[in-house]
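Letter by letter, the chains look like this.
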Amino acid sequence: MKHFKTKEIRIGNISIGGGQPMLIQSMTSADTLNTKSTVQQCIKMFETGCKLIRISAPSVKAAQNLSEIKKELAKQGYNIPLVADIHFNPKAAEIAARIVEKIRINPGNFADSKKKAKRTDLTVQNELEEISSKLIPLLNVCKKHHTAIRIGVNHGSLSKRILFQHGNTPGGMVESALEYLQICRQNDFHDIVLSLKASNIITMIQSNRLMVKKMQERGWDYPLHLGVTEAGNATEGRIKSAAGIGSLLREGIGDTIRVSLTENPLHEIPVAKKIIQYAQKQPAHLETWWMERPDDTELPLVLNNKKNMADLFVRDELAYDQMQHRYAMEKAQRSASGKLSGKLKILKASYPGLALEDIMIRATMDFTKPLITNQCDGIWIEGDEEIPADKINEIAFGILQATKRRITKTEFISCPSCARTLFDIEKLLEKVKKNTSHLKGLKIGVMGCIVNGPGEMAGADYGLVGSGKNQVTLYKGQNIQKKNIPLEKAVKELIKLIKENKEWQD
Ligand code: SF4
């Protein structure tokens, strides 16, 4: 597909857009005030292939320390372009814009009015004027220092004004970006990259497509940074990222990507590389198979060429052989007589010679589109013999869950953590998963900080959100249930709350 051609934006010694190679970026999780550990992390990330590094600047002090980090990196021979990540603090943004090459602002919380007054067209206009008054000084600093800006919209933190006008929708996300873009353009500032991220991959895909459409209507060509937020870790995090980012890259949308995992940021980079590489290759051939609908399973089906098939009613070797024979017969029948009526359409792809993570990424990128456009009733992923069937099944069910076609387990919404995280989020997420993964249909958030966590896990039924050193606050939906629980008691309290609400399943 034709690539959406964007303009080139300089970020220090690199560029985004304008046909430049797809750039991989990530974010540090070390404390920004700890120069040594942030610098060490930056160097490791850069050496692994991350060419643009974002660092959280939650306070004026942290923004000022970016200068020490820059100096130390230069001293060690690294001229790595840095991005300051700003929420709720225009002052910190102005300081950081004098030091680093790019500023990321979130229109949902950069300068939004916290007033609870009932919104009308007039108050909306006043709020936009208030935003301009805070954004224009930053634009002036950026112009003077040749600093670029990413207008980074997150589905989970849309402003109250946007929610009032457009709702919690892909359209609302695009309007949120357009408001800020308009102010930048009116002030003749164009060094802009856009991002529209969501944890729900369908929302993420739709909002980016819509953003491109709106830009094309206006003749604009700002580069797009792609990412799926709060994707979690392990198989789930990789699948969500490949589904959202990979699908858009295949459509020719995107100039730079960040895979967000609740893991060491170094783990994100190989995944990002694999997504980019596969987006440039021919997708796997999807074979079509037809079969009778089994009586007792939900759709879409998951098929597997091993005996311990996830969804198949085949329990022994003989039945397995019979099933293979039946498929072959049905396939032959179909080619002879055209479409089989009343049969289930199964799409099958084979990934010979590939390791598990490669299968995970490729199968996700191959099956996402047919699943979200409802083109099949089942998927069949085939890997090499030595790859255990349960691993392949985990991928297949993960893809169905990420594309919202079939929910078979708890959904975890978990941030990648950053300098605001004051506890071991990876460990807590693992513990929560171990105890609650069987709660089919529930969404549980595990978030690094109280500043952005509650908003970003919007949609979660329950959540644990970092609220101090080794402390978390327990949420039901967006409502606080218990504050500052010591980390070791967090999972117990979560389970207790789920049980009290009669949502526990044994
Ligand atoms: S929610 Fe997570 S990634 Fe986002 S600011 Fe808080 S700790 Fe950082």
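Everything discussed here concerns the structure shown above.
Predicted model, so just to flag it, every value in this text is computed and none were measured.

With that settled, consider the overall build of the protein chain. In terms of helices and strands, the protein chain carries 15 helices and 19 strands. Here the protein chain has a C-alpha radius of gyration of 24 Å; the compact-globule value for 506 residues is 23 Å, and the two agree. Projected onto its principal axes, the C-alpha positions of the protein chain cover 75 × 55 × 50 Å. For the protein chain, the residues scored as buried account for 50% of the 506 residues in total. Counting only contacts in the protein chain whose residues sit at least 6 apart along the sequence, the fraction spanning at least 24 positions is 69%.

The next point concerns helix H13 (residues 425-436). Taking 1.5 Å per residue as the helical rise, H13 with its twelve residues ought to reach 16 Å, and the 16 Å between its terminal C-alpha atoms agrees with that figure. Of the surrounding secondary structure, the elements contacted by the buried residues of H13 are strand S15 (411-414), strand S16 (443-447), strand S17 (462-468) and helix H15 (490-500).

The contact between helix H9 (residues 268-279) and helix H11 (residues 356-372) brings their axes to 10 Å, and the two run at 45°. The orientation of H9 with respect to H11, classified from their angle, is oblique. Judged by the sense of rotation from one axis to the other, the crossing of H9 with H11 is right-handed. On the side of H9, the interface is formed by Val271, Lys274, Ile275 and Tyr278, while H11 contributes Asp358, Ile361, Arg362 and Met365.

Next up on the list: the environment of Ile95. As for its position among the elements, Ile95 is in helix H3 (residues 90-97). A count of 23 C-beta atoms within 10 Å places Ile95 in the buried class. Placed 193 residues apart in sequence, Ile95 and Thr288 show a C-alpha to C-alpha distance of 57 Å. Not counting residues up to four positions away in its chain, the partners in contact with Ile95 are Val60, Ala63 and Gln64.

On to the pairing of S17, then. Burial within S17 is extensive, with six of its seven residues counted as buried. Bridge count between S16 and S17: four bridges; the pairing is parallel. Paired with Gly445 across the bridge in S17 is Gly463. Here S17 pairs with strand S18 (residues 471-476) via six bridges, running antiparallel. Across the sheet, Leu464 pairs through a bridge with Leu474, a residue of S18.

Read across the open sheet, the five strands follow the order S15-S16-S17-S18-S19; overall the sheet is mixed. Each edge of the sheet is formed by a strand with only one pairing partner; in this case those strands are S15 and strand S19 (479-486). On average, each strand axis in the sheet is inclined to that of its neighbour by 20°, with strand direction left out of account.

It is worth spelling out the sheet that holds strand S3 (residues 23-27) at this point. Strand order in the closed barrel formed by eight strands is S3-S4-S5-S6-S7-S8-S9-S10, and the pairing between neighbours is parallel. Inspection of the sheet shows strand S4 (residues 52-56) paired to strand S5 (residues 82-86) by four bridges, in the parallel sense. Bridging from a neighbouring strand, Arg54 pairs with Val83 of S5.

Taken together, 13 residues form the shell around the ligand, and within it Cys415, Cys418, Gly448, Cys449 and Asn452 come nearest. Partitioned by chemical class, the residues of the shell around the ligand number six nonpolar, five polar and two charged.

Once that is clear, we can look at the packing of helix H2 (residues 60-75) against H3. Following both chains from N to C, one finds H2 and H3 inclined at 5°, their axes separated by 8 Å at the closest point. Compared by their axis directions, H2 and H3 come out roughly parallel. Along the contact surface, H2 presents Val60, Ala62, Ala63, Gln64 and Leu66, while H3 presents Lys91, Ala92, Ile95 and Ala96. For the contact of H2 with H3, the per-class residue count stands at seven nonpolar, one polar and one charged.

Rules used in this analysis
Residues numbered from 1 in each chain as written. Predicted model: local features only at pLDDT ≥ 70, side-chain atom pairs only at ≥ 80, totals over all residues. Helix = DSSP H or I, 4+ residues; strand = E, 2+ residues; numbered from the N terminus. Rg over C-alpha atoms; globule rule 2.2 N^0.38 Å. Buried ≥ 20, exposed ≤ 12 C-beta atoms within 10 Å, placed from the backbone. Contact = placed C-beta atoms within 7 Å. Expected span 1.5 Å × (residues − 1). Axes fitted to C-alpha atoms, helices over the stretch in contact; angles between N-to-C directions. Parallel < 35°, antiparallel > 145°, perpendicular 65-115°, else oblique. Left-handed = near helix turned anticlockwise from the far one by under 90°. Pairing = 2+ DSSP bridges. Near = placed C-beta within 6 Å. Nonpolar A, V, L, I, M, F, W, Y, C, P; charged D, E, K, R; others polar.

On their own, these measurements won't tell you what the molecule is for.
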